[in-house]
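In case you want the letters, here they are:
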Amino acid sequence: MTYVIAQPCVDLKDRACVEECPVDCIYEGKRMLYIHPDECVDCGACEPVCPVEAIFYEDDTPEEWKDYYDANVGFFSELGSPGGAAKMGVIDADAPLVAALPPQEHDE
Ligand code: SF4
Ligand code: SF4
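- An unreviewed UniProt entry lists the protein under the name Ferredoxin, with Microlunatus flavus as the source organism.
- Database annotation for the protein, UniProt heading Function (unreviewed entry): "Ferredoxins are iron-sulfur proteins that transfer electrons in a wide variety of metabolic reactions."

Structure below.
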């Protein structure tokens, strides 16, 4: 099991979750952040700090955003398991479903 980041993060990326993660497994893509499914230890620390409620426990991901499980997992298909997001910086990629979205507007 893992936590999953869904659509509300797209084009927002305020990184509040990154500060909370004890294992540095939340990686930054071009338009959103992605949780590494194998590196995540399911501690849940990231979920309550997200200002737009983009983070869900895998089984609790809303139906409309179920595809984001595969988006998070697929993001790492080429990266493998880097063992830490900080050293990676911003990764010049996004899951195809994210890359295909029109610009997302946020009130903040
Ligand atoms: S659940 Fe814990 S380990 Fe997993 S991404 Fe969130 S803060 Fe990191
Ligand atoms: S806290 Fe939420 S909006 Fe901010 S980067 Fe993390 S998932 Fe994205």
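1. Overview of the site of ligand 2
Working step 1: Close contacts around ligand 2 come from 13 residues, with Cys9, Asp14, Arg15, Cys17 and Cys50 the closest.
Working step 2: A class-by-class count of the residues in the shell around ligand 2 yields 10 nonpolar, no polar and three charged.

2. Focus: the site of ligand 1
Working step 1: Lining the immediate surroundings of ligand 1 are 13 residues, of which Cys21, Cys40, Cys43, Gly44 and Cys46 lie closest.
Working step 2: Class assignment for the residues of the shell around ligand 1 results in 11 nonpolar, one polar and one charged.

3. With respect to unusual backbone geometry
Working step 1: The phi angle at Asp24 is positive, at roughly 55°, despite the residue not being glycine.
Working step 2: Position of Asp24 among the secondary structure elements: in the loop between α1 (16–20) and β2 (26–28).
Working step 3: Unlike most non-glycine residues, Glu53 shows phi in positive territory, near 50°.
Working step 4: Within the fold, Glu53 resides in the loop between β3 (33–35) and β4 (55–57).
Working step 5: Under the relative-accessibility criterion, Glu53 is labelled exposed at 61%.

Conventions used here
- Residues numbered from 1 in each chain as written.
- Chains lettered and ligands numbered in written order.
- Predicted model: local features only at pLDDT ≥ 70, side-chain atom pairs only at ≥ 80, totals over all residues.
- Heavy atoms only, no water.
- UniProt positions renumbered as here; feature names shortened; annotations may be inferred.
- Near = heavy atom within 4 Å.
- Nonpolar A, V, L, I, M, F, W, Y, C, P; charged D, E, K, R; others polar.
- Helix = DSSP H or I, 4+ residues; strand = E, 2+ residues; numbered from the N terminus.
- Buried < 20%, exposed > 50% of the residue type's maximum accessible area, 1.4 Å probe, protein only.

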